[in-house]
Amino acid sequence: MPRGRYSLHDPHDHTPLGDEHFHCATGPQGWRYTAQTTTPAGEHAGSVDLTTDLLGRPVRLQLAAGGWQVRGGTLDGVTWVRTDPAGAQAQEGNAPARAFTGVSPAFLVATARLLRPEPGAPAVRVRLVALTEPVLAPRTVDQAWALADTETHSTDSGPLTVHHYEVTDLDTGERHAVHIAGDVVLAAPGVELEELETPPSRFDRPGTD
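Caption draft 1: Up close: empty space enclosed by the protein. All told, the structure shown has two cavities of 30 Å³ or more when counted by the stated rule. Of the volumes computed, that of the largest cavity is approximately 50 Å³. Taken together, Leu50, Thr52, Gly56, Arg57, Pro58, Ala99, Phe100, Phe107, Ala110 and Thr111 make up the full set of residues lining the largest cavity. Elements that contribute at least two residues to the lining of the largest cavity include exactly β4 (44–53), β9 (99–101) and α1 (106–115). Ranked by the residues each element gives to the lining of the largest cavity, the list is headed by α1, at three residues.

Caption draft 2: Spatial organisation of the packing of aromatic side chains. Counting across every chain of the model gives five aromatic pairs. With 4.5 Å between their ring centres and 20° between their planes, tyrosine 6 and phenylalanine 22 make a pair best called stacked. With tyrosine 6 in strand β1 (residues 3–9) and phenylalanine 22 in strand β2 (residues 16–27), the pair connects residues that are 16 residues apart, well separated along the chain. No difference in accessibility class separates tyrosine 6 from phenylalanine 22, as the two residues are buried.

Caption draft 3: Focus on the pairing of strand β3 (residues 30–38). The buried fraction of β3 amounts to seven of the nine residues, a majority that puts the element mostly inside the structure. Where β2 and β3 come together, nine bridges link them in antiparallel fashion. Counted as the bridge partner of glutamate 20 is threonine 37 from β3. Once β2 ends, the chain turns through two residues before running back antiparallel as β3. As paired elements, β3 and β4 share nine bridges and run antiparallel to each other. The residue of β4 that forms the bridge with tryptophan 31 is threonine 52.

Caption draft 4: The arrangement of the environment of threonine 168 in detail. You can see threonine 168 is positioned in strand β12 (residues 158–169). Residue class for threonine 168 comes out buried when judged on its relative accessible area of 13%. Separated by 144 residues in sequence, threonine 168 and cysteine 24 have C-alpha atoms that sit 26 Å apart. In this view, threonine 168 contacts Asp142, Gln143, Ala144, Gly173, Glu174 and Arg175; residues no more than four positions away in its chain are not counted.

Caption draft 5: Structural view of the side chain of serine 104. Topologically, serine 104 is positioned in the loop between β9 and α1. Using a relative accessible area of 4% as the deciding quantity, one classes serine 104 as buried. If we skip the residues at most four places from it in the chain, serine 104 touches Glu20, Tyr33 and Val48.

Caption draft 6: Representation of the side chain of threonine 51 within the structure. Mapped onto the secondary structure, threonine 51 falls in strand β4. A relative accessible area of 18% means that threonine 51 is categorised as buried. If near-sequence neighbours (up to four positions away) are discounted, threonine 51 is found in contact with Trp31, Arg32, Arg57, Pro58, Val59 and Arg60.

Caption draft 7: Looking closely at unusual backbone geometry. Of note, the amide linkage connecting glutamate 133 to proline 134 takes the cis form, showing an omega dihedral of 15°. Looking at the element boundaries, proline 134 is found in the loop between β10 (124–132) and β11 (137–155). In this model, aspartate 76 sits at a positive phi of 50°, which is unusual for a non-glycine residue. Within the fold, aspartate 76 resides in the loop between β6 (68–74) and β7 (78–83). One non-glycine residue with positive phi stands out, namely leucine 136, at about 55°. Here leucine 136 shows up in the loop between β10 and β11. Exposure remark for leucine 136: the relative accessible area of 0% places this residue in the buried category.

Cut-off values and rules
Residues numbered from 1 in each chain as written. Predicted model: local features only at pLDDT ≥ 70, side-chain atom pairs only at ≥ 80, totals over all residues. Heavy atoms only, no water. 1 Å grid on protein atoms, 1.4 Å probe; cavity = no way out; pocket = protein on both sides within 12 Å on 5 of 7 lines; lining within 4 Å. Points joined across faces, edges and corners; volume = space filled by probe spheres on them. Helix = DSSP H or I, 4+ residues; strand = E, 2+ residues; numbered from the N terminus. Phe/Tyr/Trp six-rings, centres within 6.5 Å; stacked < 30°, edge-to-face > 60°. Buried < 20%, exposed > 50% of the residue type's maximum accessible area, 1.4 Å probe, protein only. Pairing = 2+ DSSP bridges. Contact = heavy atoms within 4.5 Å.

Structural data, given as structure tokens:
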């Protein structure tokens with residue numbers, strides 16, 4: 001069960017956004033990631049609770065930030081309910097998308113496991129619903145994921161396989177690299193792995209046990 005801490009920052013100007021203290025685990029039904037987020041000053045900022053099935057689809061998402069809450073999952077695409085800080089009203093939403101994305105590194109792992117791009121194959125296109133902070137406003141984004149290469153490193157706990165992805169924002173053409181080992185993000189725009197108490201879960205390929 002990997003457990004550790006990510007530091008998050010704005011990928012453009014590198015402004016610190018805070019930390020995400022996480023743990024995650026695989027099981028016979030899929031994968032679950034839970035985390036508590038803090039501000040740069042160390043104050044509580046929100047939480048992440050994402051469960052995916054064996055195919056990488058979001059079975060259940062609970063996300064909190066800035067007083068806002070979103071609960072969602074896979075239903076006729078993806079469906080969610082967003083609640084305002086006062087709890088006065090809940091707004092339902094649905095989009096013909098395959099999954100969610102957002103600031104949390106959990107979404108990068110989940111998307112890689114959902115798409116499973118093949119080495120040397122054309123990029124896989126996907127439509128996602130991005131929940132943008134600080135108010136968790138939903139918007140639809142289109143991306144393309146390609147598996148650029150895979151490397152295996154020797155560690156004290158055994159071989160560590162790292163997948164290097166190239167992710168393209170199809171609206172802007174902007175490309176960036178994402179490096180994932182098992183169910184842990186080693187590096188990505190706006191994400192730094194600061195602490196890891198236990199090794200990543202091992203998968204022969206993303207999305208397989």
